[in-house]
Structure formats: C-alpha cells, structure tokens
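# Fold and geometry: a report
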Amino acid sequence: MSETSFTLHGTDGAARTGVIRTPRGEIRTPAFMPVGTAATVKAMLPESVRETGADVLLGNTYHLMLRPGAERVARLGGLHRFMNWDRPILTDSGGFQVMSLAGLRKLTEEGVTFRSHVDGSKHMLSPERSMEIQRLLGSDIVMAFDECPALPAERERVASSMRLSMRWAQRSRDAFGDRPGHMLFGIQQGGLDRELREESAEALRGIGFDGYAVGGLAVGEGQAAMFDCLDFAPGMLPEDKPRYLMGVGKPDDVVGAVKRGIDMMDCVLPTRSGRTGQAFTRRGVVNIKNARHADDPRPLDEHCACPACTGYSRAYLHHVYRSHEMISGMLLSWHNLQYFQDIMEGMRGAIAAGRFGEWEAAFHAGRAEGDI
Ligand SMILES: CNc1nc2c(CC[C@H]3O[C@@H](OC)[C@H](O)[C@@H]3O)c3nc(N)[nH]c(=O)c3cc2[nH]1
Ligand SMILES: [Zn+2]
C-alpha cells in the first residue's frame with residue numbers, strides 16, 4: 001500500500017474536493033498553503049498557523065539553501081524539526097526565485113549559477129542539486145526544478161523555456177529516485193498558449209509524477225488571461241492526481257481557480273498584506289490605516305473566529321498599525337490566514353454538496369470593491 005495517495009471525494013462542474021494522504025498527515029483539498037519561505041510563516045507561531053486550519057505549508061529551496069543552508073538544516077534534524085511544524089511541507093524547487101531574486105545569473109542546459117541576494121556568494125542549482133536540497137530539508141512534497149519565463153514573452157522564448165523545463169523534469173524524476181512517503185510534482189509550463197501547454201502536459205504525463213503543478217502563471221498576465229488559461233490547462237493534467245496552481249492569489253483568484261479544477265494553491269498575500277495593514281473580509285478589503293477606522297468599535301469581520309476579530313476593534317487595529325506595533329502584523333496575518341482557510345473550507349463543503357455555484361454567488365454578492 002503506497003504511503004501517499006490522493007482520493008477525490010466529490011466534484012461539481014470542474015471543481016473537485018478530496019484528500020491527499022501523507023505519512024505526516026492529510027491535506028484536505030482544495031487546499032491553501034501558507035508560505036513559510038525562510039522556515040517561518042512570518043509573524044505566526046506554527047501552532048497558530050495550524051489553528052487557522054492549514055494542513056500543509058510551503059518552504060523554499062532558494063532561500064533555505066542560502067540561509068541557513070540545506071546541509072545545516074539536515075544536521076539539525078530537517079525542516080519539520082527546525083521550524084517546529086510536524087505536518088506536511090511542500091518545498092518549491094528554487095528556479096522561480098533564482099530568476100526573480102538572485103543576481104548575476106547564468107542559465108545553461110546543466111542548470112543555473114547565480115550570486116546570493118543575501119551576501120553575494122556564488123551558488124548553483126540544477127535538477128539534481130534541487131532534488132538533493134529538498135531531500136536534505138525533508139519536505140514531503142518536492143517540486144521538479146523548472147524555469148518560469150516572465151510574461152509577456154515571445155512564443156519561441158516560451159516554447160524553448162518550456163522544453164528546457166521538460167528536460168529538467170525528467171532529470172528531476174531520475175534524481176528523486178524511489179522515496180516512499182514522499183511525492184514529486186511536475187510543473188506544466190507553456191505560458192498562455194494552448195498547444196504549448198498541451199505539449200508540456202504530454203511530456204509530464206510521459207515521465208509520471210505524483211502531482212502536477214500549473215506553473216508559469218501569476219507572473220503579470222492579469223486575472224482574465226490567467227482564467228482563460230485555467231479554462232483549459234488543468235484539464236490537460238491527469239484527473240486522478242492533485243493539481244497545484246503556484247503563487248495564487250487574491251481571494252477571487254483562488255475561488256476562480258478552484259472553479260476551474262485546481263486542488264492546491266499558495267501565496268504570500270495573506271501574510272504580506274497583513275503586515276501592510278490590508279485585511280481580507282467577507283465584504284471586501286479593509287485598509288486598516290484609513291482614518292475612518294479610528295473610532296470604529298466593530299470587529300474586522302463579525303463572522304470570523306480569529307483572535308483579531310474576537311478580541312479587538314477596528315479602532316484598536318488602526319491604532320497599533322499607525323503606532324507600528326508588532327501586534328499589528330501578528331493580528332492581521334492571523335486574520336488573513338484564517339479568512340483564506342475559511343473560504344477553502346466553505347468551498348470544500350459546497351463542492352461535496354454539489355452547491356459550488358450557490359457558494360460562489362454568495363461569495364461575490366457580499367463583496368464591495370475598494371476599501372470598506
Ligand atoms: C507569485 N506568482 C508565482 N509564483 C510562482 C512560483 C513560486 C512560488 C513560490 O515563490 C514564492 O512567492 C514568490 C513563494 O514562496 C511561493 O511558494 C513558481 N515556482 C515554480 N517553481 N515554477 C513556477 O512556474 C512558478 C510560478 C509562479 N507564479
Ligand atoms: Zn478574523
């Protein structure tokens with residue numbers, strides 16, 4: 001009996017709900033993964049992340065290889081022990097961050113060499129080294145090493161980049177080896193082009209993975225173009241395996257992606273915007289720094305059970321934000337993560353009951369545009 005599995009429990013249109021089983025715990029899908037880039041979900045204790053309902057969180061090969069180093073994390077017992085999170089961890093493979101963060105990059109068939117954005121030291125990533133780092137970290141779900149081209153880009157550039165990523169996907173699969181209890185996900189590329197996405201999906205199916213990511217999106221194409229691509233890209237991937245949309249997104253992006261067959265997503269938005277005073281609520285976005293909140297005794301969101309909403313007023317949250325108090329980032333990060341988990345839980349139940357359309361209509365009906 002394989003130690004990992006994905007079981008679909010229900011579908012409603014293209015939307016699906018199910019469970020990914022791993023030795024470290026189950027992941028209820030559709031799932032939102034909080035991002036713990038440098039071995040911490042910023043401003044949150046791991047037990048607080050769990051309290052919001054998260055089953056899995058995300059780490060990053062690029063950041064952890066630079067600081068504190070993958071071999072050091074392994075010597076200290078691996079990433080779960082290091083960051084005190086004993087549930088599943090998915091790690092990204094590093095290619096995306098190298099292209100978006102590192103300096104002096106050189107890309108060849110072998111891999112990429114670059115200088116650390118932390119201290120300028122020289123490093124190399126290849127499919128083989130990325131697999132080794134993710135093994136040293138001990139992550140449960142490993143991402144293939146890929147290249148994600150910035151959009152807009154010429155079709156030929158997107159095609160050649162995708163084909164390089166497919167060769168790297170084969171090398172990632174070969175280097176990953178046979179690791180019961182661990183999953184390796186391939187990453188579909190091909191930009192917004194249906195034929196290139198199909199070619200990429202065919203290549204990945206031929207190699208065979210435990211899950212499949214839709215990569216190359218949320219790179220500036222905008223929501224309409226992303227949804228147009230999601231109208232066909234997820235369906236090209238095996239339906240009995242998890243489908244993971246990388247780097248997405250705002251609440252309405254998340255809902256639209258689940259509607260189109262996505263099972264997993266990750267985004268820094270809940271915590272990053274929590275630190276900049278933006279709170280996502282059932283009625284839209286609250287910019288807590290706005291003077292209108294200075295005397296408001298109401299909670300952010302009366303339907304929310306998080307500490308920010310059960311213990312504090314908008315007036316207080318406005319005050320601590322304006323005073324640059326640390327509790328501001330803590331409370332708003334917690335609230336935003338709770339809000340994202342609440343909409344995932346709502347969609348899982350709605351899909352299981354065949355009522356996703358109604359749930360989606362109610363989700364959009366309650367929201368006002370702009371600051372509320
Ligand atoms: C934001 N949009 C976006 N992010 C993306 C990421 C990084 C996600 C990871 O990078 C970090 O966010 C920038 C977080 O830690 C996140 O887990 C991607 N990673 C890979 N390997 N391949 C892709 O095609 C890809 C596409 C993305 N689009
Ligand atoms: Zn709340």
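Residues numbered from 1 in each chain as written. Chains lettered and ligands numbered in written order. Predicted model: local features only at pLDDT ≥ 70, side-chain atom pairs only at ≥ 80, totals over all residues. Heavy atoms only, no water.

Approximately 890 Å³ is the volume found for the largest pocket. What lines the largest pocket is a set of 41 residues, and nearest its centre among them are Phe96, Gln97, Gly247, Asp266 and Val268. Sorting the residues of the lining of the largest pocket by element identifies β5 (57-60), α5 (95-101), α9 (223-230), β14 (264-267) and α11 (269-275) as the ones contributing at least two each. Looking at the lining of the largest pocket residue by residue, the class counts come to 17 nonpolar, 15 polar and nine charged. Contributing to the lining of the second largest pocket are 13 residues, with Asp252, Val285, Arg367, Ala368 and Glu369 lying nearest its centre. Listed by contribution, the elements that provide at least two residues to the lining of the second largest pocket are α10 (251-259), β15 (278-281) and β16 (284-287). A breakdown of the residues in the lining of the second largest pocket according to their chemical character gives five nonpolar, four polar and four charged. (1 Å grid on protein atoms, 1.4 Å probe; cavity = no way out; pocket = protein on both sides within 12 Å on 5 of 7 lines; lining within 4 Å. Points joined across faces, edges and corners; volume = space filled by probe spheres on them. Helix = DSSP H or I, 4+ residues; strand = E, 2+ residues; numbered from the N terminus. Nonpolar A, V, L, I, M, F, W, Y, C, P; charged D, E, K, R; others polar.)

Around ligand 1 there are 20 residues in total, and Leu58, Asn60, Gln97, Gly216 and Leu217 lie nearest to it. Within the side chain of Asp92, an N or O atom sits 2.8 Å from a nitrogen atom of ligand 1. At 2.7 Å from an oxygen atom of ligand 1 is found a main-chain nitrogen or oxygen belonging to Gly216. Coverage of ligand 1 by the protein amounts to 89% of the 550 Å² it exposes when considered alone. Of the residues contributing to the shell around ligand 1, the split by class is nine nonpolar, eight polar and three charged. (Near = heavy atom within 4 Å. Polar contact = N/O pair within 3.5 Å; in protein donor to acceptor, adjacent residues only side chain to side chain. Areas by Shrake-Rupley, 256 points an atom, 1.4 Å probe, with all protein chains shown as cover.)

This part covers the sheet that holds strand β1 (residues 5-12). Strands sit in the order β1-β2-β3 across an open sheet of three strands; the sheet is antiparallel. Among the strands making up the open sheet, the edge pair consists of β1 and β3 (25-29). For this sheet, the mean inter-axis angle between neighbouring strands, taken without regard to orientation, is 10°. Where strand β2 (residues 15-22) lies against β3, five bridges are found, and the strand directions are antiparallel. When the sheet's bridge partners are listed, Gly18 is paired in β3 with Thr29. (Pairing = 2+ DSSP bridges. Axes fitted to C-alpha atoms, helices over the stretch in contact; angles between N-to-C directions.)

Now for the packing of helix α7 (residues 155-176) against helix α8 (residues 194-207). Contact geometry of α7 with α8 gives a least axis separation of 10 Å together with a crossing angle of 10°. Our classification of the angle between α7 and α8 gives roughly parallel. Contacts from Arg155, Val158, Ala159, Met162, Arg163, Met166, Ala169, Gln170 and Arg173 in α7 reach Glu195, Leu196, Glu199, Ser200, Ala203, Leu204 and Ile207 in α8. Taken together, the residues of the contact of α7 with α8 sort by class into nine nonpolar, two polar and five charged. (Parallel < 35°, antiparallel > 145°, perpendicular 65-115°, else oblique. Contact = heavy atoms within 4.5 Å.)

Two elements in contact, α9 and α10, have axes separated by 10 Å at closest approach and are oriented at 15°. By the angle class used here, α9 and α10 are roughly parallel. When you trace α9 past α10, the crossing you get is right-handed. Contacts between α9 and α10 involve Gln223, Met226, Phe227 and Leu230 from the former and Asp252, Asp253, Gly256 and Ala257 from the latter. Considered class by class, the residues forming the contact of α9 with α10 number four nonpolar, two polar and two charged. (Left-handed = near helix turned anticlockwise from the far one by under 90°.)

As a benchmark, a tetrahedral metal site with four donors has ideal angles of 109.5 degrees, while an octahedral site with six donors has ideal angles of 90 or 180 degrees. The protein atoms donating to the zinc ion (ligand 2) are Cys304 (SG), Cys306 (SG), Cys309 (SG) and His335 (ND1), with metal-donor distances spanning 2.1 to 2.3 Å. Each donor residue of the zinc ion (ligand 2) lies on one chain, and together they are spaced C-x1-C-x2-C-x25-H. Taken as a pair, Cys309 in helix α12 (residues 307-311) and His335 in helix α14 (residues 326-352) lie far apart in primary sequence, 26 residues in all. Of the two residues examined, Cys309 and His335, each falls in the buried class. (Donors = N, O, S within 2.8 Å, 3.2 Å for Na, K, Ca; no water. Buried < 20%, exposed > 50% of the residue type's maximum accessible area, 1.4 Å probe, protein only.)

Within helix α15 (residues 356-365), the full set of buried residues consists of Phe356, Trp359, Glu360 and Phe363. Across the axial projection of α15, the buried residues extend over an arc of 100°, all falling on one side. Seen from the open side of α15, the exposed residues pointing more than 90 degrees away from its buried face are Glu358, Ala362 and Ala365. Buried positions along α15 lie against β1, β2, α10 and α14. (Arc of directions from axis to C-beta.)

Purely geometric numbers; function is a separate question.
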